[in-house]
Amino acid sequence: MLQISDRVSRIAASKTVQIGELALAMQLRGRDVIQLATGEPDFDTPAVIRNAAIDAISRGATRYTPVRGTPEIRAAICRKLSRDNQLHCTDDQIMVTAGAKQALALAIEVLVGARQEVIVPTPYWVSYPEMVKLADGIPVFTPLRADLGYKLSPDDLSRAISARSRVLILNTPGNPAGNVYTREELLSIADVCRRHGIRILSDEIYEKIVFNGRHHSIAACDRRIADLTVTINGCSKAFAMTGWRIGYAAGRADIIAAMAKLAGQRTTCPSSISQAAASAALDCRPGTISDMTDAYRRRRDLMVAGLNAAGIRCRKPAATFYLFADIRNLLGRKYRKQELTSSQDFTMRLLEHAGVAVVPGEAFGAPHHIRLSFAAARKTIEQGIERIAAFIGQLS
Ligand SMILES: Cc1ncc(COP(=O)(O)O)c(C=O)c1O
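Residues numbered from 1 in each chain as written. Predicted model: local features only at pLDDT ≥ 70, side-chain atom pairs only at ≥ 80, totals over all residues.

Observations concerning the nonpolar core
(1) Moving on: Core analysis: the largest hydrophobic core is formed by 127 residues, its most contacted members being Ala-107, Ile-108, Leu-201, Ala-249, Met-259 and Ala-357.
(2) Moving on: Per element, the largest residue contribution to this core is nine residues, and it comes from helix α5 (residues 99–111).
(3) Moving on: Of the domains in this structure, domain 1 (6–44 + 288–393) and domain 2 (51–282) are the two that each give at least three residues to this core.
(4) Moving on: Ignoring sequence-local partners within four residues, the contact set of Ala-107 consists of Leu-201, Val-230, Ile-232, Ala-249 and Met-259. (Core = buried A, V, L, I, M, F, W, Y, C linked by C-beta atoms within 7 Å. Buried ≥ 20, exposed ≤ 12 C-beta atoms within 10 Å, placed from the backbone. Helix = DSSP H or I, 4+ residues; strand = E, 2+ residues; numbered from the N terminus. Domains from an automatic or database assignment. Contact = placed C-beta atoms within 7 Å.)

Comments concerning α5
(1) Moving on: With 13 residues, α5 extends 19 Å from end C-alpha to end C-alpha; this agrees with the ideal 18 Å at 1.5 Å per step.
(2) Moving on: Within α5, 12 of the 13 residues are buried, which leaves the element mostly enclosed by the surrounding structure. (Expected span 1.5 Å × (residues − 1).)

Focus: the site of the ligand
(1) Moving on: Around the ligand, the surrounding shell holds 13 residues, and the nearest of these are Gly-99, Ala-100, Lys-101, Trp-125 and Ser-236.
(2) Moving on: In terms of residue class, the shell around the ligand is made up of three nonpolar, eight polar and two charged. (Near = placed C-beta within 6 Å. Nonpolar A, V, L, I, M, F, W, Y, C, P; charged D, E, K, R; others polar.)

What to know about unusual backbone geometry
(1) Moving on: Geometrically, the link from Thr-122 to Pro-123 is a cis peptide bond, its omega value of 15° lying close to zero.
(2) Moving on: For Pro-123, the location among the structural elements is in the loop between β3 (117–122) and α6 (127–134).
(3) Moving on: Of note, the bond from Thr-172 into Pro-173 is cis; its omega dihedral lies within 30 degrees of zero at -10°.
(4) Moving on: One can find Pro-173 in the loop between β5 (165–171) and α8 (183–196).
(5) Moving on: The phi dihedral of Lys-337 falls on the positive side, at around 70°, and the residue is not glycine.
(6) Moving on: If you trace the backbone, Lys-337 turns up in the loop between β10 (334–335) and β11 (338–339).
(7) Moving on: Overall, the presence of 6 C-beta atoms within 10 Å leaves Lys-337 in the exposed class.

Let's talk about the environment of Ala-52
(1) Moving on: The residue Ala-52 is located in helix α3 (residues 47–58) in this model.
(2) Moving on: When the 19 C-beta atoms within 10 Å are taken as the criterion, Ala-52 is described as partly exposed.
(3) Moving on: Taking the C-alpha atoms as reference, Ala-52 lies 29 Å from Pro-173; in sequence the two are 121 residues apart.
(4) Moving on: With sequence-adjacent residues up to four places away left out, Ala-52 is seen in contact with Ala-276, Ala-277, Ser-279 and Ala-280.

Brief notes about the sheet that holds strand β13 (residues 359–360)
(1) Moving on: Taken together, three strands build an open sheet; the order of strands is β9-β14-β13 and the sheet is antiparallel. The sheet is open, and its two edges are formed by β9 (322–326) and β13, each paired on a single side.
(2) Moving on: Inspection of the sheet shows β9 paired to strand β14 (residues 369–373) by five bridges, in the antiparallel sense. Bridge pairing in β14 links Ala-325 to Ile-370. (Pairing = 2+ DSSP bridges.)

Thoughts on the pairing of β5
(1) Moving on: Of all seven residues making up β5, six are buried, and the element is well covered by its neighbours.
(2) Moving on: Looking at chain direction, β3 and β5 are connected through three bridges and run parallel. Within the sheet, the bridge partner assigned to Glu-117 lies in β5 and is Ser-165.
(3) Moving on: Relative to strand β6 (residues 199–203), β5 runs parallel, the two being bridged by five bridges. Bridged to Asn-171 within β6 is Asp-203.
(4) Moving on: As a crossover connection, the stretch from β5 through α8 into β6 is right-handed. (Right-handed = clockwise from strand over helix to strand, strands pointing away.)

Structural notes on the domain arrangement of the protein chain
(1) Moving on: Once the domains are mapped, the protein chain shows domain 1 (6–44 + 288–393) and domain 2 (51–282).
(2) Moving on: In this structure, domain 1 and domain 2 have C-alpha centres spaced 26 Å apart.
(3) Moving on: Contacts between the two partners involve 30 residues from domain 1 and, on the opposite side, 28 residues from domain 2.
(4) Moving on: At six residues, the largest contribution of residues to the side of domain 1 that touches domain 2 is made by helix α12 (residues 287–310).

So, in C-alpha coordinates, the structure goes:
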(Lines give C-alpha, C1' and ligand atoms only; values in the text may rest on other atoms or scores of the structure.)
Protein backbone atom coordinates (compact mmCIF):
# COMPACT_ATOMS: atom_id res chain seq x y z
CA MET A 1 0.00 0.00 0.00
CA LEU A 2 1.18 3.51 -0.81
CA GLN A 3 2.51 5.26 2.28
CA ILE A 4 2.07 9.03 2.40
CA SER A 5 4.41 10.78 4.83
CA ASP A 6 3.15 11.98 8.19
CA ARG A 7 4.08 15.51 7.27
CA VAL A 8 1.64 15.59 4.37
CA SER A 9 -1.00 13.36 5.94
CA ARG A 10 -1.47 15.71 8.88
CA ILE A 11 -2.27 18.80 6.82
CA ALA A 12 -5.65 19.61 5.34
CA ALA A 13 -6.15 20.24 1.63
CA SER A 14 -6.95 23.86 0.72
CA LYS A 15 -10.74 24.21 1.00
CA THR A 16 -10.81 27.16 -1.38
CA VAL A 17 -8.94 25.16 -4.02
CA GLN A 18 -11.23 22.16 -3.36
CA ILE A 19 -14.49 24.05 -3.74
CA GLY A 20 -13.20 25.79 -6.88
CA GLU A 21 -12.29 22.45 -8.41
CA LEU A 22 -15.61 20.90 -7.41
CA ALA A 23 -17.50 23.75 -9.08
CA LEU A 24 -15.35 23.39 -12.20
CA ALA A 25 -15.97 19.63 -12.34
CA MET A 26 -19.73 20.28 -12.14
CA GLN A 27 -19.45 22.83 -14.95
CA LEU A 28 -17.54 20.32 -17.08
CA ARG A 29 -20.37 17.83 -16.53
CA GLY A 30 -22.72 20.46 -17.97
CA ARG A 31 -24.11 21.96 -14.72
CA ASP A 32 -24.70 25.68 -14.70
CA VAL A 33 -22.68 26.86 -11.68
CA ILE A 34 -22.23 30.44 -10.49
CA GLN A 35 -18.68 30.74 -9.19
CA LEU A 36 -18.42 33.04 -6.18
CA ALA A 37 -15.80 30.97 -4.37
CA THR A 38 -12.45 31.57 -6.01
CA GLY A 39 -10.34 34.55 -5.03
CA GLU A 40 -9.38 35.50 -8.51
CA PRO A 41 -9.93 38.68 -10.53
CA ASP A 42 -12.17 38.01 -13.53
CA PHE A 43 -10.35 40.72 -15.52
CA ASP A 44 -7.72 39.95 -18.14
CA THR A 45 -4.14 40.86 -17.31
CA PRO A 46 -3.67 44.41 -18.73
CA ALA A 47 -2.23 44.54 -22.28
CA VAL A 48 0.93 46.40 -21.30
CA ILE A 49 1.85 43.49 -19.00
CA ARG A 50 0.93 40.78 -21.52
CA ASN A 51 3.03 42.55 -24.17
CA ALA A 52 6.06 42.60 -21.87
CA ALA A 53 5.80 38.79 -21.64
CA ILE A 54 5.52 38.42 -25.42
CA ASP A 55 8.56 40.65 -25.79
CA ALA A 56 10.49 38.53 -23.24
CA ILE A 57 9.77 35.39 -25.27
CA SER A 58 10.77 37.09 -28.54
CA ARG A 59 14.09 38.28 -27.18
CA GLY A 60 14.88 34.85 -25.73
CA ALA A 61 14.48 35.60 -22.03
CA THR A 62 13.56 31.95 -21.56
CA ARG A 63 16.33 30.63 -19.35
CA TYR A 64 16.89 30.18 -15.63
CA THR A 65 17.24 33.46 -13.80
CA PRO A 66 18.97 33.98 -10.45
CA VAL A 67 16.98 32.25 -7.68
CA ARG A 68 16.03 35.62 -6.15
CA GLY A 69 14.78 36.85 -9.56
CA THR A 70 16.27 38.97 -12.34
CA PRO A 71 18.08 42.18 -11.40
CA GLU A 72 15.36 44.06 -13.36
CA ILE A 73 12.44 42.76 -11.31
CA ARG A 74 14.31 43.16 -8.05
CA ALA A 75 14.97 46.79 -8.95
CA ALA A 76 11.28 47.25 -9.91
CA ILE A 77 10.24 45.81 -6.52
CA CYS A 78 12.63 48.17 -4.68
CA ARG A 79 11.13 51.13 -6.57
CA LYS A 80 7.59 49.95 -5.85
CA LEU A 81 8.19 49.43 -2.12
CA SER A 82 9.84 52.81 -1.82
CA ARG A 83 7.13 54.64 -3.82
CA ASP A 84 3.99 52.91 -2.48
CA ASN A 85 5.02 51.71 0.97
CA GLN A 86 7.83 54.03 2.09
CA LEU A 87 9.95 50.90 2.55
CA HIS A 88 13.48 51.51 1.42
CA CYS A 89 15.23 48.20 0.65
CA THR A 90 18.53 47.22 -0.89
CA ASP A 91 18.69 44.58 -3.59
CA ASP A 92 19.84 41.82 -1.20
CA GLN A 93 16.63 42.30 0.81
CA ILE A 94 14.38 41.24 -2.06
CA MET A 95 13.34 37.86 -3.40
CA VAL A 96 10.88 36.95 -6.16
CA THR A 97 8.80 33.78 -5.77
CA ALA A 98 6.21 31.65 -7.56
CA GLY A 99 3.25 33.55 -6.11
CA ALA A 100 2.94 35.11 -2.68
CA LYS A 101 2.11 31.61 -1.46
CA GLN A 102 5.66 30.41 -2.05
CA ALA A 103 7.10 33.52 -0.36
CA LEU A 104 4.95 32.84 2.72
CA ALA A 105 5.86 29.17 2.84
CA LEU A 106 9.58 29.88 2.50
CA ALA A 107 9.52 32.59 5.14
CA ILE A 108 7.68 30.34 7.59
CA GLU A 109 10.15 27.51 7.01
CA VAL A 110 13.06 29.86 7.55
CA LEU A 111 11.68 31.54 10.68
CA VAL A 112 9.90 28.72 12.50
CA GLY A 113 11.59 25.78 14.16
CA ALA A 114 10.10 22.53 15.47
CA ARG A 115 7.36 23.14 18.08
CA GLN A 116 7.75 26.89 17.93
CA GLU A 117 4.52 28.85 17.90
CA VAL A 118 3.09 31.10 15.23
CA ILE A 119 0.25 33.43 16.17
CA VAL A 120 -2.53 33.27 13.59
CA PRO A 121 -5.32 35.83 14.03
CA THR A 122 -8.60 34.10 13.20
CA PRO A 123 -10.40 34.22 10.74
CA TYR A 124 -7.25 33.55 8.75
CA TRP A 125 -6.33 32.87 5.16
CA VAL A 126 -6.69 29.10 4.56
CA SER A 127 -3.03 28.22 4.06
CA TYR A 128 -1.37 29.85 7.08
CA PRO A 129 -2.01 27.07 9.63
CA GLU A 130 -1.08 24.30 7.22
CA MET A 131 2.13 26.07 6.21
CA VAL A 132 3.06 26.38 9.88
CA LYS A 133 2.36 22.68 10.46
CA LEU A 134 4.47 21.74 7.43
CA ALA A 135 7.34 23.62 9.05
CA ASP A 136 6.76 21.55 12.25
CA GLY A 137 5.54 24.67 14.03
CA ILE A 138 2.37 25.11 16.05
CA PRO A 139 -0.33 27.57 14.92
CA VAL A 140 -1.86 29.46 17.85
CA PHE A 141 -5.25 30.82 16.90
CA THR A 142 -6.27 34.20 18.27
CA PRO A 143 -9.95 34.94 17.65
CA LEU A 144 -10.74 38.34 16.17
CA ARG A 145 -14.04 39.99 17.09
CA ALA A 146 -16.50 41.07 14.41
CA ASP A 147 -17.52 44.09 16.49
CA LEU A 148 -13.88 45.26 16.54
CA GLY A 149 -13.66 45.00 12.76
CA TYR A 150 -11.79 41.67 12.86
CA LYS A 151 -8.57 43.36 13.96
CA LEU A 152 -5.99 42.10 16.40
CA SER A 153 -5.66 44.25 19.52
CA PRO A 154 -2.34 44.59 21.39
CA ASP A 155 -4.01 42.99 24.44
CA ASP A 156 -5.16 39.93 22.51
CA LEU A 157 -1.70 39.64 21.01
CA SER A 158 -0.01 39.88 24.41
CA ARG A 159 -2.28 37.14 25.75
CA ALA A 160 -1.39 34.84 22.84
CA ILE A 161 2.36 35.17 23.36
CA SER A 162 4.23 32.40 25.17
CA ALA A 163 7.87 31.48 25.64
CA ARG A 164 7.62 29.46 22.41
CA SER A 165 6.17 32.27 20.24
CA ARG A 166 8.25 33.10 17.25
CA VAL A 167 6.14 34.74 14.53
CA LEU A 168 2.91 36.72 14.13
CA ILE A 169 1.15 36.44 10.78
CA LEU A 170 -0.52 39.72 9.96
CA ASN A 171 -2.71 40.08 6.90
CA THR A 172 -3.72 43.59 5.94
CA PRO A 173 -5.90 44.12 3.97
CA GLY A 174 -7.25 40.84 5.28
CA ASN A 175 -8.76 37.81 3.60
CA PRO A 176 -11.54 36.78 4.38
CA ALA A 177 -12.83 39.73 6.46
CA GLY A 178 -11.71 42.64 4.25
CA ASN A 179 -10.27 44.52 7.26
CA VAL A 180 -7.58 47.22 6.94
CA TYR A 181 -5.34 48.19 9.88
CA THR A 182 -4.60 51.85 10.52
CA ARG A 183 -1.01 53.01 11.07
CA GLU A 184 -1.72 53.52 14.78
CA GLU A 185 -3.08 49.99 15.14
CA LEU A 186 -0.01 48.60 13.40
CA LEU A 187 2.29 50.63 15.64
CA SER A 188 0.69 49.22 18.77
CA ILE A 189 0.98 45.66 17.44
CA ALA A 190 4.58 46.26 16.41
CA ASP A 191 5.36 47.58 19.85
CA VAL A 192 4.23 44.31 21.48
CA CYS A 193 6.18 42.25 18.92
CA ARG A 194 9.31 44.30 19.50
CA ARG A 195 9.12 43.88 23.27
CA HIS A 196 8.82 40.10 22.94
CA GLY A 197 11.16 39.64 19.97
CA ILE A 198 8.35 38.25 17.79
CA ARG A 199 8.90 38.41 14.06
CA ILE A 200 6.10 39.66 11.82
CA LEU A 201 5.10 38.09 8.55
CA SER A 202 3.10 40.84 6.88
CA ASP A 203 0.98 39.56 4.00
CA GLU A 204 -0.06 42.59 1.93
CA ILE A 205 -1.28 40.89 -1.24
CA TYR A 206 -4.58 42.88 -1.28
CA GLU A 207 -2.86 46.22 -0.86
CA LYS A 208 -4.27 47.67 -4.08
CA ILE A 209 -7.88 46.68 -3.46
CA VAL A 210 -8.88 49.13 -0.74
CA PHE A 211 -12.19 51.04 -0.73
CA ASN A 212 -12.18 52.73 2.67
CA GLY A 213 -9.11 53.90 4.53
CA ARG A 214 -5.51 53.44 3.43
CA HIS A 215 -3.11 50.57 3.36
CA HIS A 216 0.01 50.82 5.56
CA SER A 217 3.00 48.50 5.67
CA ILE A 218 3.93 47.64 9.23
CA ALA A 219 7.63 47.48 8.28
CA ALA A 220 7.52 51.15 7.33
CA CYS A 221 6.29 52.20 10.78
CA ASP A 222 9.83 52.34 12.19
CA ARG A 223 13.33 51.07 11.48
CA ARG A 224 13.39 48.54 14.35
CA ILE A 225 10.10 47.06 13.16
CA ALA A 226 11.43 46.74 9.61
CA ASP A 227 14.15 44.47 10.98
CA LEU A 228 11.56 42.20 12.58
CA THR A 229 9.34 42.01 9.54
CA VAL A 230 9.20 40.06 6.33
CA THR A 231 6.82 41.84 3.96
CA ILE A 232 5.03 39.64 1.44
CA ASN A 233 3.28 40.88 -1.65
CA GLY A 234 2.74 39.88 -5.26
CA CYS A 235 1.08 40.56 -8.58
CA SER A 236 -1.77 38.02 -8.50
CA LYS A 237 -4.57 40.17 -7.15
CA ALA A 238 -3.51 43.75 -7.95
CA PHE A 239 -2.75 43.15 -11.63
CA ALA A 240 -5.10 40.22 -12.38
CA MET A 241 -2.09 37.93 -12.74
CA THR A 242 -3.05 34.85 -10.71
CA GLY A 243 -1.86 32.42 -13.37
CA TRP A 244 1.53 34.09 -13.86
CA ARG A 245 2.61 33.09 -10.35
CA ILE A 246 4.70 36.02 -9.18
CA GLY A 247 5.05 37.03 -5.55
CA TYR A 248 7.87 38.56 -3.57
CA ALA A 249 9.34 38.99 -0.12
CA ALA A 250 11.25 41.90 1.40
CA GLY A 251 13.10 41.60 4.68
CA ARG A 252 16.46 41.39 6.38
CA ALA A 253 19.18 40.25 3.98
CA ASP A 254 20.05 37.18 6.09
CA ILE A 255 16.42 35.99 6.13
CA ILE A 256 16.08 36.54 2.38
CA ALA A 257 19.36 34.69 1.76
CA ALA A 258 18.06 31.73 3.78
CA MET A 259 14.80 31.73 1.80
CA ALA A 260 16.80 31.77 -1.45
CA LYS A 261 18.95 28.88 -0.20
CA LEU A 262 15.77 26.86 0.35
CA ALA A 263 14.26 27.80 -3.02
CA GLY A 264 17.57 27.00 -4.70
CA GLN A 265 17.13 23.37 -3.65
CA ARG A 266 13.43 23.24 -4.37
CA THR A 267 12.26 25.27 -7.33
CA THR A 268 15.12 27.53 -8.51
CA CYS A 269 13.52 30.71 -9.88
CA PRO A 270 9.95 31.57 -10.91
CA SER A 271 9.22 31.65 -14.67
CA SER A 272 11.54 34.08 -16.48
CA ILE A 273 8.68 35.22 -18.71
CA SER A 274 6.39 35.94 -15.77
CA GLN A 275 9.19 37.92 -14.13
CA ALA A 276 9.45 40.14 -17.23
CA ALA A 277 5.67 40.66 -17.22
CA ALA A 278 5.67 41.43 -13.48
CA SER A 279 8.47 44.00 -13.90
CA ALA A 280 6.22 45.86 -16.34
CA ALA A 281 3.28 45.51 -13.95
CA LEU A 282 5.16 46.98 -11.00
CA ASP A 283 6.15 50.03 -13.04
CA CYS A 284 2.81 50.56 -14.81
CA ARG A 285 0.67 53.70 -14.48
CA PRO A 286 -1.76 53.60 -11.51
CA GLY A 287 -4.61 54.04 -14.03
CA THR A 288 -3.89 50.55 -15.36
CA ILE A 289 -5.46 48.99 -12.27
CA SER A 290 -7.70 51.68 -10.75
CA ASP A 291 -10.56 50.78 -13.11
CA MET A 292 -10.56 47.27 -11.65
CA THR A 293 -10.75 48.60 -8.09
CA ASP A 294 -13.63 50.90 -9.07
CA ALA A 295 -15.47 47.93 -10.56
CA TYR A 296 -14.90 45.85 -7.38
CA ARG A 297 -16.35 48.68 -5.31
CA ARG A 298 -19.56 48.76 -7.40
CA ARG A 299 -19.84 44.98 -7.25
CA ARG A 300 -19.28 44.99 -3.49
CA ASP A 301 -22.20 47.41 -3.04
CA LEU A 302 -24.38 45.31 -5.33
CA MET A 303 -23.59 42.10 -3.47
CA VAL A 304 -24.00 43.54 0.03
CA ALA A 305 -27.40 45.02 -0.84
CA GLY A 306 -28.55 41.82 -2.54
CA LEU A 307 -27.48 39.48 0.25
CA ASN A 308 -28.97 41.60 3.00
CA ALA A 309 -32.26 41.64 1.11
CA ALA A 310 -32.00 37.84 0.74
CA GLY A 311 -31.57 37.34 4.51
CA ILE A 312 -27.79 37.01 4.79
CA ARG A 313 -26.60 39.76 7.10
CA CYS A 314 -23.34 41.35 6.03
CA ARG A 315 -21.45 44.62 6.16
CA LYS A 316 -19.43 46.30 3.44
CA PRO A 317 -15.81 45.17 3.65
CA ALA A 318 -13.26 47.99 3.59
CA ALA A 319 -10.98 46.12 1.19
CA THR A 320 -10.34 42.94 -0.85
CA PHE A 321 -12.97 41.38 -3.10
CA TYR A 322 -14.54 39.18 -0.44
CA LEU A 323 -17.70 39.39 1.53
CA PHE A 324 -17.59 37.55 4.82
CA ALA A 325 -21.05 36.84 6.18
CA ASP A 326 -22.34 35.39 9.42
CA ILE A 327 -25.03 32.80 8.60
CA ARG A 328 -25.82 31.74 12.16
CA ASN A 329 -29.45 32.80 11.65
CA LEU A 330 -29.80 30.23 8.85
CA LEU A 331 -28.16 27.26 10.55
CA GLY A 332 -30.57 24.89 12.25
CA ARG A 333 -33.24 25.63 9.63
CA LYS A 334 -34.27 22.92 7.16
CA TYR A 335 -33.83 22.54 3.43
CA ARG A 336 -36.13 19.84 2.02
CA LYS A 337 -36.75 18.60 5.56
CA GLN A 338 -33.05 18.21 6.37
CA GLU A 339 -31.43 20.46 8.93
CA LEU A 340 -28.53 22.71 7.87
CA THR A 341 -26.00 21.78 10.51
CA SER A 342 -22.91 23.84 9.65
CA SER A 343 -21.62 26.36 7.15
CA GLN A 344 -19.88 23.48 5.35
CA ASP A 345 -23.27 21.79 5.06
CA PHE A 346 -24.94 25.04 3.93
CA THR A 347 -22.25 25.56 1.29
CA MET A 348 -22.48 22.04 -0.11
CA ARG A 349 -26.26 22.16 -0.38
CA LEU A 350 -26.17 25.60 -1.94
CA LEU A 351 -23.78 24.24 -4.56
CA GLU A 352 -25.73 21.07 -5.19
CA HIS A 353 -29.26 22.47 -5.23
CA ALA A 354 -28.82 26.10 -6.26
CA GLY A 355 -25.63 25.83 -8.33
CA VAL A 356 -23.77 28.57 -6.43
CA ALA A 357 -20.21 28.04 -5.16
CA VAL A 358 -19.14 29.93 -2.02
CA VAL A 359 -16.54 29.00 0.61
CA PRO A 360 -17.54 27.66 4.05
CA GLY A 361 -16.22 29.60 7.05
CA GLU A 362 -14.54 26.44 8.38
CA ALA A 363 -11.83 27.10 5.76
CA PHE A 364 -10.89 30.25 7.67
CA GLY A 365 -11.34 28.91 11.20
CA ALA A 366 -14.72 30.66 11.39
CA PRO A 367 -17.62 28.23 11.44
CA HIS A 368 -21.07 29.90 11.04
CA HIS A 369 -19.73 32.08 8.23
CA ILE A 370 -19.41 31.94 4.47
CA ARG A 371 -17.13 33.86 2.13
CA LEU A 372 -18.30 35.09 -1.24
CA SER A 373 -16.08 36.64 -3.86
CA PHE A 374 -17.28 39.66 -5.82
CA ALA A 375 -14.42 39.37 -8.30
CA ALA A 376 -17.06 38.28 -10.79
CA ALA A 377 -19.05 39.99 -13.53
CA ARG A 378 -22.09 42.03 -12.43
CA LYS A 379 -24.48 39.66 -14.17
CA THR A 380 -22.89 36.64 -12.45
CA ILE A 381 -23.29 38.35 -9.07
CA GLU A 382 -26.93 39.20 -9.82
CA GLN A 383 -27.70 35.61 -10.82
CA GLY A 384 -25.84 34.28 -7.78
CA ILE A 385 -27.87 36.49 -5.44
CA GLU A 386 -31.13 35.46 -7.12
CA ARG A 387 -30.29 31.80 -6.61
CA ILE A 388 -29.17 32.31 -3.01
CA ALA A 389 -32.39 34.21 -2.27
CA ALA A 390 -34.46 31.41 -3.83
CA PHE A 391 -32.53 28.81 -1.79
CA ILE A 392 -33.08 30.71 1.45
CA GLY A 393 -36.73 31.19 0.50
CA GLN A 394 -37.13 27.39 0.57
CA LEU A 395 -35.79 26.99 4.12
CA SER A 396 -38.31 26.05 6.77
C1 LIG B 1 -4.17 36.45 1.97
C2 LIG B 1 -3.53 35.76 0.82
N3 LIG B 1 -2.21 35.61 0.80
C4 LIG B 1 -1.57 34.99 -0.22
C5 LIG B 1 -2.29 34.49 -1.28
C6 LIG B 1 -1.53 33.77 -2.38
O7 LIG B 1 -1.33 34.60 -3.48
P8 LIG B 1 -0.62 34.03 -4.79
O9 LIG B 1 -1.70 33.64 -5.73
O10 LIG B 1 0.20 35.17 -5.29
O11 LIG B 1 0.23 32.87 -4.39
C12 LIG B 1 -3.67 34.61 -1.31
C13 LIG B 1 -4.45 34.03 -2.42
O14 LIG B 1 -5.62 33.82 -2.38
C15 LIG B 1 -4.31 35.27 -0.25
O16 LIG B 1 -5.64 35.43 -0.22
